[in-house]
Amino acid sequence: MKRSKETKINYDFKLLYFFGLVLVVIGHVSFGIDSCANVVSPFTSWIYTFHLGIFAFASGYFFKDESADKPHLYILKKAKRLLLPLFIYNLIYGLFTLALRQGDFTMGKAFNLYNLFVEPFISGHQFDFNLGGWFIIPFFMVEVFVCLLRFCFRKIRNNWTEIGLFIFSVLLGILGIELAMRGYNTGGFLTLTKFLYWIPFFSLGIFYNRFLEKYDKKCPTIVYFAAIALIEVVMICYFKGVPDLHQAFMQGFESIGSVATLVFAFTGLALWLRIAKLLGPIFGKSKLVNLVADNAYSITINQLLGFFILNSIYFGFSKFIPAFSNFVYAGEFSYTSYVYYVYLINDQWISGIIYVIFGLGVPVAIGEGIKFVKRKSLSLIDNLKESKKLKA
């Protein structure tokens, strides 16, 4: 029995998702390299100014006004798609870290009810390996909020309404950053400020779809890139470097302020959006691009497991191959203590690409495996139903 209906696929956004996911994994690899070397590279910082905003923007772009007409159905669908797998993974990784902590490993927090059901709403860093999913709950909250907000304005949908709602969303984002800058970035306030921070990105996706896209298409690419480059260069020069932001804990905004934070994010997002639109017709239908883009959730949650598997291989190599003898087994930034630990072969940064491959490849394999099991399960259920009908 066929369960899916054919829908038109936007391959430009497939490529945008691909870029976003690759940048997220590269960002974590680069962050690991920086941490182990006790430095902060401008490249890592630049990625962190915008990369997660890509996913909120893309989700907003595909938001349908029909969803706001029946918000309860939309919220239930999103809870099933976002929250249910999040807590299943949290349980799995909680058990995984519990098992590891019986030995020399120190990653993750205690396996208890608080870290299973409360900490995911606060920091999302409870069991380390799944910390990539820290933004899923704030993101879910944003989707619920925007849906309910648009439900209230469902009778007056026009360009002026879109402009007003987007401005309101930006102001909420600024409020979240300002609160974080004033120390309201712990406990429940951390949840609140992260929620407020992501509202403008989701709303920008809606606003772009409904209003801005038609103007974006008219802007020549050279002018578009020149404007982005000018804005970024001027801000980097003015603030004497790229800001070191950590949205997971809502830290680092003091160096540039709330408005500049959003400008950095929006320009970075605009850059990759235009690149995706230019290259979408060429690479959008690529099997590799779609394989990565279609496993976004798994990559978000499981990328650090890919790092750990690679480090486990390197640890095995260190026992027999002299070139891996400086692999760090224990210590502050090591295989057993730091989930971001990145071992560079012969101290060559290019070997970090192997972590990117594992950070994408392992989650894709997990995601495809889950899809395979689902397909087989649904097929089995359908066959059983058909068998019962024939017997009846």
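Up top you'll find the structure we're talking about.
Residues numbered from 1 in each chain as written. Predicted model: local features only at pLDDT ≥ 70, side-chain atom pairs only at ≥ 80, totals over all residues. Heavy atoms only, no water.

Asks: Hey, could you run me through a nonpolar patch on the surface in this one?
Replies: A grouping of Ile-309, Ile-313, Phe-317, Phe-320 and Ile-321 is seen on the molecular surface, where their side chains present a nonpolar patch of about 450 Å² in accessible area. Mapped onto the fold, Phe-320 is located in the loop between helix H14 (296-318) and helix H15 (353-391). On the accessibility criterion, Phe-320 (73% relative accessible area) is exposed. (Patch = residues over 30% accessible without salt bridge, like charges linked within 9 Å, V, L, I, M, F, W, Y side chains within 5 Å. Areas by Shrake-Rupley, 256 points an atom, 1.4 Å probe, with all protein chains shown as cover. Salt bridge = Lys/Arg side-chain N within 4 Å of Asp/Glu carboxyl O. Helix = DSSP H or I, 4+ residues; strand = E, 2+ residues; numbered from the N terminus. Buried < 20%, exposed > 50% of the residue type's maximum accessible area, 1.4 Å probe, protein only.)

Asks: I tried to follow unusual backbone geometry on my own but got confused; where do I start?
Replies: When glycine is set aside, most residues are seen to have a negative phi, and most peptide bonds are trans. Positive phi values are uncommon outside glycine, yet Asn-346 reaches one of about 55°. Assignment of secondary structure puts Asn-346 in the loop between H14 and H15. Judged by relative accessible area, Asn-346 falls into the exposed class, the value being 52%. In this model, Asp-347 sits at a positive phi of 60°, which is unusual for a non-glycine residue. Examined against the element boundaries, Asp-347 turns out to sit in the loop between H14 and H15. By relative accessible area, Asp-347 is classed as exposed at 61%.

Asks: What am I meant to see in the side chain of Arg-274 here?
Replies: Examined against the element boundaries, Arg-274 turns out to sit in helix H12 (residues 258-283). A polar contact of 3.3 Å, which involves the side chain of Arg-274, links it to the backbone oxygen of Cys-219. Among the polar contacts made by the side chain of Arg-274, one reaches the side chain of Thr-221 at a distance of 3.1 Å. For Arg-274, the residues in contact, after removing those within four places along its chain, are Asp-216, Cys-219, Pro-220, Thr-221, Tyr-224 and Phe-225. (Polar contact = N/O pair within 3.5 Å; in protein donor to acceptor, adjacent residues only side chain to side chain. Contact = heavy atoms within 4.5 Å.)

Asks: How do you make sense of helix H3 (residues 53-61) when you look at a structure like this?
Replies: Residues spaced three or four apart along an α-helix face the same direction, because each turn holds 3.6 residues. By the criterion of burial, H3 is predominantly enclosed, with 9 of the 9 residues buried. Residues Gly-53, Ile-54, Phe-55, Ala-56, Phe-57, Ala-58, Ser-59, Gly-60 and Tyr-61 constitute the buried set of H3.

Asks: What should I look at first to understand the pattern of salt bridges in this one?
Replies: As a working rule, side chains carrying opposite charge can pair if their charged atoms are close by. Evaluated as defined, the whole model comprises 10 salt bridges. The residue Lys-109 makes a salt bridge to Glu-119 at a minimum N-O spacing of 3.6 Å. Placement of the pair is Lys-109 in the loop between helix H5 (71-100) and helix H6 (113-117) and Glu-119 in helix H7 (residues 119-122), with a sequence separation of 10 residues. Taken together, the shared-partner salt bridges in this structure form one network comprising Asp-65, Arg-150, Glu-162 and Arg-210.

Asks: I tried to follow the side chain of Glu-162 on my own but got confused; where do I start?
Replies: Relative to the helices and strands, Glu-162 resides in helix H9 (residues 159-181). Given a relative accessible area of 7%, Glu-162 falls into the buried group. Excluding residues within four positions of it along the chain, Glu-162 makes contact with Arg-150, Ile-206, Phe-207 and Arg-210.

Asks: Honestly, the packing of H9 against helix H10 (residues 187-216) in this entry has me stumped. Any pointers?
Replies: The description of two helices packed together rests on the angle between their axes and the distance between the axes. Where H9 contacts H10, the two axes come as close as 7 Å, and the packing angle between them is 155°. Accordingly, the angle class assigned to the pair H9 and H10 is roughly antiparallel. Where H9 crosses over H10, the handedness of that crossing is left-handed. Among the residues forming the contact of H9 with H10, the class breakdown is 17 nonpolar, 6 polar and 2 charged. (Axes fitted to C-alpha atoms, helices over the stretch in contact; angles between N-to-C directions. Parallel < 35°, antiparallel > 145°, perpendicular 65-115°, else oblique. Left-handed = near helix turned anticlockwise from the far one by under 90°. Nonpolar A, V, L, I, M, F, W, Y, C, P; charged D, E, K, R; others polar.)

Asks: I keep staring at the state of the cysteines and nothing clicks. Help me out?
Replies: Disulfide: a covalent bond formed between the sulfur atoms of two cysteine residues. Evaluated as defined, the whole model comprises 0 disulfides. With no disulfide of its own, Cys-147 lies 9.8 Å from the sulfur of Cys-152, the closest cysteine sulfur. (Disulfide = S-S within 2.5 Å.)

Asks: What am I meant to see in the packing of aromatic side chains here?
Replies: The way to describe two aromatic rings as a pair is by their centre distance and the angle between their planes. Scanning the entire structure with this criterion turns up 59 aromatic pairs. Each ring, one from Phe-207 and one from Phe-211, has its centre 5.1 Å from the other, and the planes form 15°; the classification is stacked. In this pair, Phe-207 and Phe-211 are both assigned in helix H10, 4 residues apart and thus about one turn of the helix distant. The pair Phe-207 / Phe-211 is uniform in exposure class, with both members buried. Here the basic side chain of Arg-274 rests over the ring of Tyr-224, its NZ or CZ set 3.9 Å away from the ring centre. (Phe/Tyr/Trp six-rings, centres within 6.5 Å; stacked < 30°, edge-to-face > 60°. Lys NZ or Arg CZ within 6 Å of the ring centre and 35° of its normal.)

Asks: What am I meant to see in the nonpolar core here?
Replies: Among soluble globular proteins, nonpolar side chains are generally buried collectively. Among the nonpolar cores identified, the biggest contains 110 residues, and Leu-16, Phe-57, Trp-198, Phe-201, Phe-202, Trp-272 and Tyr-355 are the most heavily contacted of them. With 13 residues, H10 is the largest single contributor of residues to this core. (Core = buried A, V, L, I, M, F, W, Y, C linked by side-chain atoms within 4.5 Å.)

Asks: Help me out: how do you make sense of the packing of H5 against helix H8 (residues 136-152) in this one?
Replies: Running from N to C, H5 and H8 point in directions that differ by 180°, and their axes come no closer than 10 Å. One way to sum up the angle between H5 and H8 is to call them roughly antiparallel. Along the contact surface, H5 presents Pro-71, Tyr-74, Ile-75, Lys-78, Ala-79, Leu-82, Leu-83, Leu-86 and Phe-87, while H8 presents Ile-136, Ile-137, Phe-139, Phe-140, Glu-143, Val-144, Cys-147, Leu-148 and Phe-151. Residue composition of the contact of H5 with H8, by class: 16 nonpolar, no polar and 2 charged.

Asks: Just checking my understanding: could you explain H8 for this structure?
Replies: The end-to-end C-alpha distance of H8, which contains 17 residues, comes to 25 Å, matching closely the 24 Å that a straight helix rising 1.5 Å per residue would cover. Within H8, 12 of the 17 residues are buried, which leaves the element mostly enclosed by the surrounding structure. Within the sequence span of H8, burial applies to Ile-136, Ile-137, Pro-138, Phe-139, Phe-140, Val-142, Glu-143, Val-144, Val-146, Cys-147, Leu-149 and Arg-150. (Expected span 1.5 Å × (residues − 1).)

Asks: Looking at this structure, I do not really get the environment of Ile-206. What am I missing?
Replies: Residue placement: Ile-206 occurs in helix H10. A residue is classified by how much of its surface remains accessible, and Ile-206, at 2% relative accessible area, is buried. The contacts of Ile-206, once residues within four sequence positions are left out, are Gly-60, Tyr-61, Phe-63, Val-146, Arg-150 and Glu-162.

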